Amino acid sequence: MKLDFSKNTDGLIPAIIQDSETKKVLMLGYMNSEAYDKTIETRKVTFYSRSKERLWTKGEESGNFLHLIEVKNDCDNDTLLIQAKPEGPTCHKGTDTCWGVENKTDYGFISDLENTIKARRENADSEKSYVASLFKLGINKIAQKVGEEAIEVVIEAKDENDDLFLSESADLLFHYLILLQAKGFQINDVVNVLKSRQK
């Protein structure tokens, strides 16, 4: 990896730290060539501290180390993207990230949909909510709906209408997310099972 530490007069380049699993950005630090070399050698993310004017390994005092997983340089060779496994909170203020964001896996729209389902379940008095009505009917009805949607996906898979297949697939996924919450789980619990099966 050819890095250009000469673009800045102080010989420092920014290093963006990202959780290797959740992909959340944890912090931003700066490295000179010595900090980079020490990071590679020790597998613990090390910066050049501009305030202390010395090398500083994240966690050297708190024990909240950032264990190196992977390093990538950008197209100009003057910025690093470092994927790491955090040991404890990253920010010195005790939060998961330096932006106060919780460091948990987020599946974008699917996570938003899970939150909507949760909100509708908690507002079970709403007569207009289909989700709330399903939760009122109980686990057996929810499981039955998942079974019905699964059968419809199988039927549409055998036909040539892709729009219907995708529509039924969306219905199946939606009802499955409801079933997961009825059982006290979320999609991340299923993902963790899949990860445990990786060889």
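Residues numbered from 1 in each chain as written. Predicted model: local features only at pLDDT ≥ 70, side-chain atom pairs only at ≥ 80, totals over all residues. Heavy atoms only, no water.

Peer 1: Could you give an account of the UniProt feature "domain: Phosphoribosyl-AMP cyclohydrolase" (unreviewed entry) in the protein, naming the residues involved and the relevant values?
Peer 2: Per the UniProt annotation, the sites labelled "domain: Phosphoribosyl-AMP cyclohydrolase" (unreviewed entry) are residues 27–99. For residues 27–99, helix accounts for 14% and strand for 38%, while the C-alpha atoms at its two ends are 8 Å apart. (UniProt positions renumbered as here; feature names shortened; annotations may be inferred. Helix = DSSP H or I, 4+ residues; strand = E, 2+ residues; numbered from the N terminus.)

Peer 1: Describe the pairing of strand 5 (residues 66–73), listing the residues and the values that go with them.
Peer 2: Here strand 5 pairs with strand 6 (residues 80–86) via 7 bridges, running antiparallel. Across the sheet, the residue bridging to Val71 is Ile82, located in strand 6. Between strand 5 and the antiparallel strand that follows it, strand 6, lie 6 residues; Asn77 among them carries a positive phi value of about 60°. (Pairing = 2+ DSSP bridges.)

Peer 1: Provide a residue-level description of the packing of helix 2 (residues 109–122) against helix 3 (residues 130–137), including the pertinent values.
Peer 2: For the pair helix 2 and helix 3, interaxial distance at closest approach is 8 Å and the crossing angle is 60°. Helix 3 is crossed by helix 2, and the crossing has right-handed handedness. When helix 2 is examined against helix 3, the residues Ile117, Arg120 and Arg121 are found in contact with a partner set consisting of Val131, Ala132 and Phe135. Taken together, the residues of the contact of helix 2 with helix 3 break down into 4 nonpolar, no polar and 2 charged. (Axes fitted to C-alpha atoms, helices over the stretch in contact; angles between N-to-C directions. Left-handed = near helix turned anticlockwise from the far one by under 90°. Contact = heavy atoms within 4.5 Å. Nonpolar A, V, L, I, M, F, W, Y, C, P; charged D, E, K, R; others polar.)

Peer 1: Please set out the pattern of salt bridges residue by residue, giving values where relevant.
Peer 2: Considering all chains together, one arrives at 6 salt bridges under this definition. Across the pair Glu21 and Lys195 runs a salt bridge, and its minimum N-O distance is 3.3 Å. One end of the pair, Glu21, is in the loop between strand 1 (13–19) and strand 2 (25–31); the other, Lys195, is in helix 6 (residues 187–196), and 174 residues separate them in sequence. Residue Lys195 is classed as partly exposed on the basis of its relative accessible area, which comes to 33%. The residue Lys118 makes a salt bridge to Glu122 at a minimum N-O spacing of 2.8 Å. On the criterion of helical spacing, the pair formed by Lys118 and Glu122 is a turn pair, its members being 4 residues apart in helix 2. (Salt bridge = Lys/Arg side-chain N within 4 Å of Asp/Glu carboxyl O. Buried < 20%, exposed > 50% of the residue type's maximum accessible area, 1.4 Å probe, protein only.)

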